[in-house]
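Descriptive analysis of the structure
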Amino acid sequence: MDSCLGVEQDLDKAISKFNFISERTDHVLQDMIDQVEHLRRELAEDGIDESLSHEWASMVKDLITAIKQLALKMSTDHRELHATVSRVGKSIDRHFIADYASVAPKAESFCSDTNRPIMEQAIAQHLYRQGLEEVGDTLVAEAGIPGVERTCTFAALQRCAAALCEGDPSAALAWAARRAADLQHSDLPFTLHRMQALNLARTEGVGAAIEYARRQFPAHAARHERQLQAAVCALAWCTPAAPPAPPHYHHLLSPRALGAEAAELFIREACALLQLAPLSPLAGAVLAGGRVLPALHDIRNKMTHPHVIAAWSDDELPLEVDLGEDGGGYHSVFACPILRQQASEQNPPMRLLCGHVISRDALNKLAMGVKLKCPYCPMEQSPSEARQIYFS
Ligand SMILES: [Zn+2]
């Protein structure tokens, strides 16, 4: 982020200089044109056609000299501007790391005969998941990628979400209607019906919206009382002659804002319901990789000592990275929080019934016969209920 701000500062400098020079150049050019025009008019009025008097000749000569000087000044300004612009390029080089090769010494393995097809499949799968069938088809045909499933559930969800972003909730409503029983405790149905009611108010009039609200809203009245009141009040600003709405209704009255919010909720709820990951494997890997790269680059620079290098095995990360809310959980290694040891095949990580994870040795040490008290939450459970976790 600091890097972006640094470049932005240099960019702002270049832009303000550009605007200043552009304004001044326009002014100077106009001034020159006016002077030339003025002299030409005077010459015409004087009725001179062939030879100029000495006085006129010196006036023309003076003007030419003045214009030449101004033109020279303008070209100097232009050269300076060029230097400022190229400074932005240098600033980008200075603030960002261009070469990550040292961090991923095995990056070329993406191109090996075994890995390239996997990479290509992941890209095609990602495209289909995002609902970009045409792009995916072209890639599959041109690269000759075998065995990529073209129709996937996520692509259908993605199309519903895209329609929502465009302000059209009908596809998402149809999906939610088919899943009504599963969505009983979800905010999604109300969010979609509210969007549809406000859409109707705009397209078919407030009467149609009220009619729709009467049919759909009662089922959600108990859970969403305040939001429901706000939605009904928002209808008052949907008539053609209505004055501008107060600021806190702007969100409800903007189909795109409402659509973007509904689309996010839709993807989240649908993925949870269908047990789908909200990110494709490729998107997940890119997100996790992007987060980890700067830290990895720093540590790689510091770890030049031979002993340190030797301690870092090639297929694991020597640091923990917080991937934030959308990053999901990615682990390449597991260290037991109780024994403070890295898990191994002999001592694998075990997931307790409550969701906390400790190593098997720690589990055996903590277990008292058929009872085990979780060291974190302290839920009582049986050690036999713990399940081994596999990292792949
Ligand atoms: Zn626990």
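Below is a summary of the structure that appears in this document. (Residues numbered from 1 in each chain as written. Predicted model: local features only at pLDDT ≥ 70, side-chain atom pairs only at ≥ 80, totals over all residues. Heavy atoms only, no water.)

In the first shell of the zinc ion, the protein supplies Cys354 (SG), His356 (ND1), Cys374 (SG) and Cys377 (SG), at 2.1 to 2.3 Å from the metal. Geometry at the zinc ion is tetrahedral, judged from the 4 donor atoms that bind it and their angles of 106 to 115° at the metal. Of note, the donors binding the zinc ion are all from one chain and are spaced C-x1-H-x17-C-x2-C. Here Cys354, found in the loop between strand E1 (349-351) and strand E2 (357-359), pairs with Cys374, found in the loop between strand E3 (372-373) and strand E4 (380-381); they are 20 residues apart in sequence, far enough to count as distant. Residue classification places Cys354 among the partly exposed positions, given a relative accessible area of 25%. What makes Cys374 buried here is its relative accessible area of 2%. (Donors = N, O, S within 2.8 Å, 3.2 Å for Na, K, Ca; no water. Tetrahedral: all angles 85-135°; square planar, octahedral: opposite > 155°, others 65-115°. Helix = DSSP H or I, 4+ residues; strand = E, 2+ residues; numbered from the N terminus. Buried < 20%, exposed > 50% of the residue type's maximum accessible area, 1.4 Å probe, protein only.)

This next bit is on the sheet that holds E2. Strand pairing in a sheet is mediated by backbone hydrogen bonds. Such pairs are either parallel or antiparallel. Sheet architecture is open: 3 strands sit in the order E2-E1-E5, paired in antiparallel fashion. Each of the sheet's edge strands pairs with one partner strand only, and the pair in question is E2 and strand E5 (387-388). Where E1 and E5 come together, 2 bridges link them in antiparallel fashion. Bridged to Arg351 within E5 is Arg387. (Pairing = 2+ DSSP bridges.)

The next thing to look at is the packing of helix H6 (residues 170-178) against helix H7 (residues 188-203). Viewed as axis vectors pointing N to C, H6 and H7 meet at an angle of 145°, and their least axial separation amounts to 10 Å. For the element pair H6 and H7, the recorded crossing hand is left-handed. Together, Ala172, Leu173, Trp175 and Ala176 of H6 and Leu188, Leu192, His193 and Gln196 of H7 make up the contact between the two elements. For the contact of H6 with H7, the residue count by class is 6 nonpolar, 2 polar and no charged. (Axes fitted to C-alpha atoms, helices over the stretch in contact; angles between N-to-C directions. Left-handed = near helix turned anticlockwise from the far one by under 90°. Contact = heavy atoms within 4.5 Å. Nonpolar A, V, L, I, M, F, W, Y, C, P; charged D, E, K, R; others polar.)

Another aspect to go through is the packing of aromatic side chains. What describes a pair of aromatic rings is the distance from one ring centre to the other and the angle between the planes of the rings. Per the stated rule, a full pass over the model turns up 3 aromatic pairs. A ring pair is formed by Phe190 and Phe217, whose centres lie 5.7 Å apart and whose planes are at 50°; its orientation type is tilted. Pair noted here: Phe190 is in helix H7 and Phe217 is in the loop between helix H8 (206-216) and helix H9 (225-234), with a separation of 27 residues, a long-range link. Each member of the pair, Phe190 as well as Phe217, is classed as buried. (Phe/Tyr/Trp six-rings, centres within 6.5 Å; stacked < 30°, edge-to-face > 60°.)

Turning our attention to H9. When we look at burial in H9, the residues that qualify are Leu228, Ala231 and Ala234. The buried residues of H9 occupy one face: seen down the axis, they fall within an arc of 120°. H9 presents Glu225 and Arg226 as exposed residues on the side facing more than 90 degrees away from its buried surface. In this fold, the buried residues of H9 make contact with H7 and helix H10 (250-253). (Arc of directions from axis to C-beta.)

By themselves, these observations are geometric and do not establish any function.
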